[in-house]
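Residue-level structural notes
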Amino acid sequence: MSLASIMQTNEQTLRPSDDSSIHKLVQTVFAEVLAEFSAWKVKYCKHFIRSLSHVTQSPRVPIPDGDSTRLHIVGKAGGSPDGDKEIMVAVTDYSEDGTPRSTSSISLQVVHAELLEPHRSYEYCTPISRNIFRGDDDDMMPFIPFADDPTFDHIDHTLCYGSFAWQDDYDPDLEVISLEAAYRLHAVHSLLYQDIDNTGILPFKLFSTPGKPGLFTLSRRRDLLRWNGTTIPCSYSFPSALLSHSILQHRLERTNALFCPNLNCVEPLCPVHVEMNPVPSPRKQTIRLSELLKRVKHPCEAGCFLQSMTAEVLPRWSEDAINSFKSIYHIEPDMIPCDHAELIFKPCHEVLYYRRLLYPDLDELQTARPNGEHKGKSRSLEFRDVDPLKFTPNDPCHHSGPCDVLSDCLCFKNKAHCQRNCRCPTKCARRWKGCRCAKARDGVSCVKFKRCSCVEARRECDPELCVKCGCRDPETSTCGNSQIQQGRFKELEVKESRWGIGVFLLESVTQGELIVEYLGELIYELTFDSRGEVADHLGRSYVFGLDKTLSLDSSRAGNASRFINHSGASDASGETQYNCRAFARLVNGEHRIGIFAIMNIDPGAEILIDYGPVFFTEQKNA
Ligand SMILES: C[S@@+](CC[C@H](N)C(=O)[O-])C[C@H]1O[C@@H](n2cnc3c(N)ncnc32)[C@H](O)[C@@H]1O
């Protein structure tokens, strides 16, 4: 069916209103598009196969003097001190019909490549400069590792997965067909996309649901097949969600979903932080309006509520304007009307009018606790976030009221300090306060023997909180406890070592200095187990335990630190040569691993750490 004929039909079509006619229509149009697409595909594939069977005639290129190349070595270049490393090469340019057009000679330098070793199988590593959150690998097995190696236990490894990628009946054509059907139903039959979705007849949901992207979102992530039956204009874009652009709350939700909620990061589509980014639940008013109004000392502009406490003409706001005000009020109810006014582009006396109308001050402010609640008990401050191996950082808390059992505070439940990126008031008693170390006159501040509270709590200094040590400015700072976040890494070289590849220093370091951050993918235990089988078979593991639930694996993504070898008490040679140690630090709310020098080390030395007593026993027992 052509676009013109569809448009013609459109004029005659009336939008069905009852459920059963909508169902019937969706079924009919879907079947129609499916039939059209299938007919087109058969023809298209036949045409394609036929075109492959044609022997294409490439232009005949003469092969001069039996040489198979168009480059001819014509002699060694003279006059250069490295004469024997340069050769002269004649380059012949041929015309379309294969006759030589011109010949010129150029000199090339000869580089003698050493014999190249083939890359070891199943070893690839994406270079990264930040940890990546992976959680768990897909439940679908993408391919069979070591398929030609009988010593690998394929059955056991297969049991780690729920299905095989090659047996999945996912048909990308169905996405194209469903989109076309949805578009026709909307453009030609005037159905709402939501009504089409509600029928459940199309094989995919059009709109995203929590945790599951819908077809409209998916279609933006892939190149759709252009088939000649499509009526979707090239410039058309499907709605991404049931969110209206004119409603502030919807715009907030859309924007919120895009940026990382971790205020230490705030990157769009952040790959590191696992936190979901819910729109914060509405805050409750804690200051009476009468109190707030007393805080306004000067009129914000001519006509400020301070000058005329009652609006002469009752303001008539649109529904959108009222909703915008409600959204802003719920984010920050304890704000003076003049500030609310600036945010919604309305005069403050009008804001005050609507605020009184919509949110009359309650007798009891909503922060009041239920009767009989024992305040002291619910606010008890107990922390267990000092030991990384017994603790996993939680998402930043966001709730109304103080961080305690009544507010369902995540930090309270996890016995963690509230972080800078928590949404509780800055005065919250659970908040980590940072250290009070002063800048060192000479040498380094914030080190263990100076009793820095951050060092003792195994967290790096926080540039927002630890103001005195100056860790915010790496140029002038004397802080010895912010090296990971500042990325002060040493020059390293990766080359052959006694135990495969190793890492070597290119500059000298002093005891306590950070060499490099150990980077990788943050994974849960199930993935640690499934990847462990491959690592055991290779005889090389790249995993560090990070905290109670997460490990850091650099087998697939990492930096030079993944090649750091072991030498320690558990070393087969019995020698103890390690010169560095790996320490986990809580850095602005997340655990990261730094490799630190435990002695002064000269350039050229290999970086060695002690993997610990269980590493090699576990590998052997696997
Ligand atoms: C993190 S990787 C280190 C990089 C590794 N050498 C490579 O070539 O990829 C850890 C693996 O290196 C090897 N390795 C490191 N130190 C070793 C040592 N002292 N003795 C034996 N093998 C060692 C083991 O195979 C171990 O699983």
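Please refer to the structure placed before this passage.
Residues numbered from 1 in each chain as written. Predicted model: local features only at pLDDT ≥ 70, side-chain atom pairs only at ≥ 80, totals over all residues. Heavy atoms only, no water.

Scanning the protein chain for helices and strands turns up 17 helices and 18 strands. Classification of the 622 residues of the protein chain by burial places 37% in the buried group. A fraction of 63% describes how many contacts in the protein chain between residues 6 or more apart in sequence connect residues 24 or more apart. For the protein chain, the accessible surface area stands at approximately 37,000 Å², while carbon and sulfur atoms represent 55% of it. (Helix = DSSP H or I, 4+ residues; strand = E, 2+ residues; numbered from the N terminus. Buried < 20%, exposed > 50% of the residue type's maximum accessible area, 1.4 Å probe, protein only. Contact = heavy atoms within 4.5 Å. Areas by Shrake-Rupley, 256 points an atom, 1.4 Å probe, with all protein chains shown as cover.)

The next point concerns the sheet that holds strand 12 (residues 543-545). With mixed pairing, four strands are arranged side by side in an open sheet as 5-11-13-12. Each having just a single partner strand, strand 5 (132-135) and strand 12 make up the two edges of the open sheet. Averaged over all neighbouring strand pairs, the angle between strand axes comes to 30°, with direction disregarded. Two strands pair when backbone bridges link them, and strand 12 and strand 13 (residues 551-553) are joined in this way by three bridges, in the antiparallel orientation. If you follow Phe544 over to strand 13, its bridge partner there is Leu552. Here helix 16 (residues 525-538) sits on the sheet in contact with strand 5, strand 11 (521-523), strand 12 and strand 13, set at roughly 110° to strand 11. (Pairing = 2+ DSSP bridges. Axes fitted to C-alpha atoms, helices over the stretch in contact; angles between N-to-C directions.)

Near the ligand, the surroundings consist of 18 residues, among which Trp499, Gly539, Tyr542, Asn565 and His566 are the closest. Measuring from an oxygen atom of the ligand, one finds a backbone N or O atom of Ser541 at 3.0 Å. Tyr542 has a polar side-chain atom sitting 2.6 Å from an oxygen atom of the ligand. The set of elements that each furnish at least two residues to the shell around the ligand consists of strand 9 (500-505), strand 15 (565-566) and helix 17 (615-621). Looking at the shell around the ligand residue by residue, the class counts come to eight nonpolar, six polar and four charged. (Near = heavy atom within 4 Å. Polar contact = N/O pair within 3.5 Å; in protein donor to acceptor, adjacent residues only side chain to side chain. Nonpolar A, V, L, I, M, F, W, Y, C, P; charged D, E, K, R; others polar.)

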